[in-house]
Amino acid sequence: MRLLRPSQYHKSIFDIDLDKLQAQGYRAIMLDLDNTLVKWNHPDPTPGLQEWLQRVGARGLSACIVSNNSGPRVSEFAAKVGIPFISNAAKPRRKGFREAMRRFGVTPQQTVVIGDQIFTDVLGGNRSGAHTILVVPIDPREFFLTQIVRKVERRVLRYLDRKGLLQRP
Ligand SMILES: [Mg+2]
């Protein structure tokens, strides 16, 4: 259960306190793509997202997309927002996060992982030793297998809530 618990839980990326992350010494942010930055399989970044990424950069935080989605979907989106990416990351495996940390030259203690799924983003981030931030998925429409996983996820969230291990947004 410890590995399924996010360090923070927010309604969206826009509710994350970037100044605090900077003050706490974090240097890199690894971002999930689908339902974290935009709707699932949505091709274009919103102006709000572009502006948010600028605020991330202004605080000296390196941003990178780490996605389980495949090649062109991720690379085209990353090019539009102008940040590096890792696709086919196979989260919750650690390899994608490790590779991104290596590229940025940061330690797990300097890394924040942000995503909308407990069993991929939070679990993978926690296994990698990073600070994990769970966000509420942008849109309820998603890959059908994800919908099944969501049911289990809701039980985990309820359990963490009962144990007082979760600050609900
Ligand atoms: Mg996602």
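Going by the structure above, here's the rest.
Presented here is an overview of the structure given in this document.

In this structure, D32 (OD), D34 (O) and D116 (OD) serve as the protein donors to the magnesium ion, at separations of 2.1 to 2.2 Å. Read in sequence order, the donor residues coordinating the magnesium ion give the pattern D-x1-D-x81-D. As far as burial versus exposure is concerned, D32 and D34 are alike and both buried.

It is worth spelling out the environment of G105 at this point. Relative to the helices and strands, G105 is located in the loop between α4 (95–104) and β5 (111–115). Residue classification places G105 among the exposed positions, given a relative accessible area of 51%. The sequence separation of G105 and F77 amounts to 28 residues, and the corresponding C-alpha distance is 24 Å. G105 has contacts with R27 and Q110, leaving out every residue within four places of it along the chain.

We now examine the pattern of salt bridges. In the structure shown here, the tally under the stated rule is 12 salt bridges. Close ionic contact of E142 with R150 constitutes a salt bridge, the shortest N to O distance being 2.7 Å. Residue E142 is classed as buried on the basis of its relative accessible area, which comes to 11%. A relative accessible area of 8% means that R150 is categorised as buried. One salt bridge connects D161 with R168, and the closest N-O pair in it is separated by 2.6 Å. A relative accessible area of 31% places D161 in the partly exposed class. On the basis of relative accessibility, which here comes to 41%, the residue R168 falls in the partly exposed class. Overlapping salt bridges bring together D116, E142, R150 and E153 as one network.

Take the packing of aromatic side chains next. Taken as a whole and judged by the stated rule, the model has two aromatic pairs. Between W40 and F143, the aromatic rings sit 6.0 Å apart at their centres with planes inclined by 45°, giving tilted as the arrangement. Of this pair, W40 sits in the loop between β2 (28–31) and α2 (47–58) while F143 sits in the loop between β6 (131–135) and α6 (144–162), placing them 103 residues apart in sequence. The partly exposed category is assigned to W40, whose relative accessible area is 35%. On the accessibility criterion, F143 (39% relative accessible area) is partly exposed. Feature note: the residues W40, F143 and F144 constitute an aromatic cluster, connected by ring pairs.

A separate point is the sheet that holds strand β4 (residues 85–86). Taking strand neighbours across the sheet as the criterion, the six strands line up as β1-β6-β5-β2-β3-β4 in an open arrangement whose pairing is parallel. Each edge of the sheet is formed by a strand with only one pairing partner; in this case those strands are β1 (8–10) and β4. Of the pairings in the sheet, the one linking β2 to strand β3 (residues 62–66) comprises four bridges and is parallel in character. In the sheet register, M30 faces β3, and the bridge partner there is C64.

Cut-off values and rules
Numbering of residues starts from 1 in each chain and follows the order in which that chain's sequence is written. The predicted nature of this model means local features are confined to residues of pLDDT at least 70 and side-chain atom pairs, given and counted, to a pLDDT of 80 or more, with totals for whole chains, interfaces and linings taken over all residues. In computing side-chain values, all of the structure's heavy atoms are included and hydrogens and water are not. A donor here means any N, O or S atom no more than 2.8 Å from the metal (3.2 Å for Na, K and Ca); water is not included, so a site may seem to lack partners. Burial classification: accessible surface area is computed with a 1.4 Å probe over protein chains only, and a residue below 20% of its type maximum counts as buried, one above 50% as exposed, and the rest as partly exposed. The helix and strand labels rest on DSSP assignments: H or I over at least four residues marks a helix, E over at least two residues marks a strand, and numbering proceeds from the N terminus. Residue contacts are counted whenever heavy atoms from the two residues lie within 4.5 Å of one another. The rule for a salt bridge is simple: a side-chain nitrogen of Lys or Arg has to be within 4 Å of a carboxyl oxygen of Asp or Glu. Only centres within 6.5 Å qualify two rings of Phe, Tyr or Trp (six-membered ring in Trp) as a pair; their planes then separate them into stacked at under 30 degrees, edge-to-face at over 60, and tilted for everything else. DSSP bridges decide pairing: two strands pair if at least two such bridges lie between them.

The values reported here are purely geometric and, on their own, carry no functional implication.
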